[in-house]
Amino acid sequence: MNGDVLLVVAGPDGPEVRTGRLLEGAEGGCEVRLERALGAQARSGGVLVVDTGEGRLAMLTAPVPPADAGSQDLPLRFVQPVERDDAWERFVRGAGR
Amino acid sequence: MALRPPPGHAPTRFLVRFPDEAAADEVRSRGGARLTLVLEDGTEVPAVVVGSSGATLRAEADRSLAGTPPRVGAEVTVSWAELDDLASVGGTLGSGGVDGLPVECSWPPSRVQRRSLRRCAVQLPAWIVRTGQVPEVLEVTTRDVSGGGMSLHGRGSDLSPGEHVVTMLRLPDRDLVLPAVVHWSRPDGSALGVRFERISQSDQDHVVQFVISTEAARA
């Protein structure tokens, strides 16, 4: 897996877009290291796009707790994959190893 | 005078003319490839759009009109199904040309909601996140919103019908992140419609409640 990630959440002035790396993942969530932390103002869930090396996988994520938003290492809880397809199944199987 | 097909041509082809190219584009992009012509006697003639040129759509009826030839000057209705509406305009049949029977249409269309979820016209900030090979965030504004989807306008993009995206909708009290599929888009990318897909019941309830309260505030 390549592991590059893109995270988009709604901030007070529009979308906040961050790049980073996937540190670890599971079916229910993952931890990413962002190049720049989110602000504590981020007020919504978001979209996480993971480059799996074979393609891109997108997941909806739950809102980031304010306590975590200032950290570059960020735990994210998945709400659902945007598409529950083979790429998602491979990600879940890979995360479970 | 009853219209007769031009020699060598089937009587089932129509040239549906709108006042300008933008109107024809809107019909084609929002209504897809099917039109229905309702003749004076109430006969419904389904037709497939087979091409376009400027402000004219070329449509071919699914069946022959040989048994009920319409007359020049007859008032007809041209309708098409949109994402959540049935849209229609009035039209007048002209005399047949070599390419088919011209129908001069009025504009703008009237629309009747055919959805179970009500829609309201409202401008809200929203964003479209493309999650494909080159992720991209597009800034847009809503034109109308319902629990089933929304229409949006913004700067040009090459989003195509069928593309899966994630939309972020800024309601007054919260932001919603909603997976969606592009249902229609204008050729110039200036407007598009999305249908929510696998939206959670709580998110849909929230959008519906927003629509109801917005309409109530305007009443």
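Residues numbered from 1 in each chain as written. Chains lettered and ligands numbered in written order. Predicted model: local features only at pLDDT ≥ 70, side-chain atom pairs only at ≥ 80, totals over all residues. Heavy atoms only, no water.

Examining the layout of surface pockets
Of the volumes computed, that of the largest pocket is approximately 290 Å³. If you trace the largest pocket, you find 19 residues lining it, with A:Thr61, A:Val79, B:Arg174, B:Val177 and B:Asp203 closest to the centre. Broken down by secondary-structure element, the contributors of at least two residues to the lining of the largest pocket are β5 (56-61) and β6 (73-81) of chain A together with β14 (175-185) and α2 (201-218) of chain B. Among the elements that line the lining of the largest pocket, the one with the most residues is β14(B), at four residues. For the lining of the largest pocket, a count of residues per class yields seven nonpolar, seven polar and five charged. (1 Å grid on protein atoms, 1.4 Å probe; cavity = no way out; pocket = protein on both sides within 12 Å on 5 of 7 lines; lining within 4 Å. Points joined across faces, edges and corners; volume = space filled by probe spheres on them. Helix = DSSP H or I, 4+ residues; strand = E, 2+ residues; numbered from the N terminus. Nonpolar A, V, L, I, M, F, W, Y, C, P; charged D, E, K, R; others polar.)

Some thoughts on the pattern of salt bridges
Enumeration according to the criterion identifies 16 salt bridges over all chains in this entry. Among the ionic pairs, A:Arg33 bridges to A:Asp73, the shortest N-O distance being 2.7 Å. Taken together, the residues span a long stretch of sequence, with A:Arg33 in strand β3 (residues 29-34) and A:Asp73 in strand β6 at a distance of 40 residues. Residue B:Glu136 pairs with B:Arg130 through a salt bridge whose shortest N-O separation is 3.3 Å. By relative accessible area, B:Glu136 is classed as partly exposed at 28%. (Salt bridge = Lys/Arg side-chain N within 4 Å of Asp/Glu carboxyl O. Buried < 20%, exposed > 50% of the residue type's maximum accessible area, 1.4 Å probe, protein only.)

Quick look at the confidence of the model for chain A
It should be kept in mind that the predicted coordinates are not to be read in detail where pLDDT is low. When the pLDDT values of chain A are averaged, the result is 84; 91% of them are 70 or greater. Looking across chain A, the model is least confident in helix α2 (residues 86-96) of chain A, with a mean pLDDT of 71, and most confident in β3(A), with 94. (pLDDT = per-residue confidence, 0-100.)

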